[in-house]
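# Remarks on the overall topology
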Amino acid sequence: MSFFKTFFLSMLFLLTACTQTSQNIKQTNNGLNSALSLTAGIVTGAQQPNLYLEQLKGKRLGLVVNQTSMVNDQHLVDFLLAQGLKINKIFAPEHGFRGDHDAGAKVDSSIDGKTGISIVSIYGKNKKPSAEVLNDVDVLIFDIQDVGLRYYTYISSMHYMMEAAADNDKEFIVFDRPNPNGFTVDGPVLDLKFQSFVGMHQIPLMHGMTVAELAKMINGEGWLKDSVKVDLTVIPVGNYDRHMSYSLPVKPSPNLPNDVSISLYASLTFFEGTPVSIGRGTDFPFQVIGFDKFGLGDFTFTPRAIKGASMTPKLKGKLIKGVDLRQSAIRGVNLDHLVNWHQLFVENDEKFFTLAPFFDKLAGTDKLRKQIISGLSSVEIRASWKSELNAFLQQRQQYLLYP
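Conventions we followed
Residues numbered from 1 in each chain as written. Predicted model: local features only at pLDDT ≥ 70, side-chain atom pairs only at ≥ 80, totals over all residues. Heavy atoms only, no water. Core = buried A, V, L, I, M, F, W, Y, C linked by side-chain atoms within 4.5 Å. Buried < 20%, exposed > 50% of the residue type's maximum accessible area, 1.4 Å probe, protein only. Helix = DSSP H or I, 4+ residues; strand = E, 2+ residues; numbered from the N terminus. Contact = heavy atoms within 4.5 Å. Pairing = 2+ DSSP bridges. Axes fitted to C-alpha atoms, helices over the stretch in contact; angles between N-to-C directions. Arc of directions from axis to C-beta. Parallel < 35°, antiparallel > 145°, perpendicular 65-115°, else oblique. Left-handed = near helix turned anticlockwise from the far one by under 90°. Nonpolar A, V, L, I, M, F, W, Y, C, P; charged D, E, K, R; others polar. Salt bridge = Lys/Arg side-chain N within 4 Å of Asp/Glu carboxyl O. pLDDT = per-residue confidence, 0-100.

## A word on the nonpolar core
- Counting residues in each nonpolar core, the largest one holds 88 residues, and the members touching the most others are M158 and F172.
- Of all the elements, helix α5 (residues 154–167) adds the most residues to this core, at eight residues.
- If we ignore the near neighbours within four places in the chain, the residues touching F172 are L140, F142, M158, M161, M162, A165, V230, D231, L232 and T233.

Have a look at this one:
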């Protein structure tokens, strides 16, 4: 996006933010409480049509959306169609357009039964649409709720869609949404030797940025292939700063059903590279830790197949003993559980890092795994991140939209 377009939208945002009022966000029955966001009066980018409808008129649209892409109680697809706009393509990321696919499950291209619009999968082999697919699209709109973690793949999909837009001279617009972990910058910074779809950018595990801020950084730092630049427009969040609490009105993926799981996600996902269960196949995924042969704690649970969430969970059908973290106040990257469970496995002569390459991809480095094996404490490990985190905080400063 040109400097003038960025400046204009930033000024428009500042003028309108003062007059925005709290919107009625639909309370869904998925276990998420939207009271905090209502109290704060936060207004998402999609909820401010006065900032984008005029520039979309007469253009052929492609939407990168899922179940979180809501305008109050209406999906963005339905809302834009009701405004008389032309939507030619829907692009579906991991978990699908409706958000009902398990992590890693294949997402097929199809036709939306309600609108008849073509749905193009951008998860799997075809992460980046071809020129032919984009032939009938003038503008790509990204409107997906993120949770602020480097390995949460929606931002990887955004990267590839930005790249496709740049390659094919399409405008790219981000309807921004708050980051529920926006007040935290934490974890190891990605080593590019470990770059993958679960970690594409040289940023900390918890980057503390919204998707629009991150899009600006990807564009500004030349992180797209061959350092191409996309014509980027941002529709910012109203009445928001990154220190606000924000409770998501719609769960962002099948195994992040509530605020607790979203807060614990940064600390527990590392266990995906080990034999330890973190509750996939239960009603409380990313809120418990356990193992079938031995455990820390007395809480027990048994993973089962859950359609649309986890059909083949780790340790399916086995009685697991461990800890219940549903009342936990953990924020940021907490390594204590990881270090303690590793020590328990060592004491029981059991291999802990059974999926070491995947663990390293999640961490964005092999240093974390090696530090744990060498016996470093969580305090010592965290201290090793300090200089890179400070450098990142300076690097990202020019791309921030919110205080």
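Moving on, there is more to tell.
## Description of the sheet that holds strand β13 (residues 299–301)
- The strand order β12-β14-β13 describes an open sheet built from three strands, whose pairing is antiparallel. Each end of this open sheet is capped by a strand with a single partner; those strands are β12 (288–291) and β13. Between one strand and the next, the sheet's axes are offset by a mean angle of 40°, whatever the strand orientation.
- Bridge analysis of β12 against strand β14 (residues 320–324) gives four bridges, and the strand direction is antiparallel. Pairing of I289 across the sheet is with V323, part of β14.
- Packing of helix α8 (residues 336–347) onto the sheet brings it into contact with β12 and β14, and relative to β12 it is tilted by some 5°.

## Description of helix α12 (residues 386–396)
- If you check which residues of α12 are buried, you get L389, F392 and R396. Projected down its long axis, α12 shows its buried positions confined to an angular sector of 60°, all on one face. Of the exposed residues in α12, the ones pointing more than 90 degrees away from its buried face are K386, S387 and Q394.
- On its buried side, α12 packs onto β9 (186–189), β10 (204–206) and α6 (211–220).

## Here's the deal with the pairing of strand β11 (residues 231–235)
- Taking burial as the measure, the five residues of β11 include four buried ones, the bulk of the element.
- Here strand β8 (residues 171–175) pairs with β11 via five bridges, running parallel. Within β11, the residue paired with F175 across the bridge is I235.

## A closer look at the packing of α5 against α6
- With their axes 11 Å apart at the nearest point, α5 and α6 run at an angle of 45° to one another. Judged on the interaxial angle alone, α6 and α5 are oblique. By crossing handedness, the relation of α5 to α6 is classed as right-handed. In this structure, α5 contributes I155, M158, H159 and M162 to the contact, and α6 contributes V211, L214, A215, I218 and N219.
- Split into classes, the residues belonging to the contact of α5 with α6 amount to seven nonpolar, two polar and no charged.

## What about the pattern of salt bridges?
- Inspection of the entire model under this criterion finds 19 salt bridges.
- Here D143 makes a salt bridge to R177, at a shortest N to O gap of 2.6 Å. Here D143 is found in strand β7 (residues 139–143), whereas its partner R177 is found in the loop between β8 and β9, with 34 residues between them in sequence. For the pair formed by D143 and R177, the shared burial category is buried.

## A short note on the confidence of the model for the protein chain
- For the protein chain, mean pLDDT is 90; residues scoring 70 or higher make up 87% of the total.
- Segment residues 1–39 is flagged for pLDDT under 50; beyond a separation of four residues in sequence, or across chains, it makes 76 contacts in the model.

## Re the side chain of H75
- On the secondary structure map, H75 appears in strand β3 (residues 74–75).
- Note on H75: relative accessible area 9%, which makes it buried.
- With near-sequence residues (within four places) excluded, H75 lies in contact with V65, N66, S69, M70 and F97.

## Considering helix α9 (residues 356–363)
- Residues of α9 that are buried include every one of A356, F359, D360, L362 and A363, and no others. Down the axis of α9, the sector holding all buried residues measures 160°, keeping them to one side.
- Where α9 terminates, the next one or two residues include G364, which has phi positive at roughly 80°.

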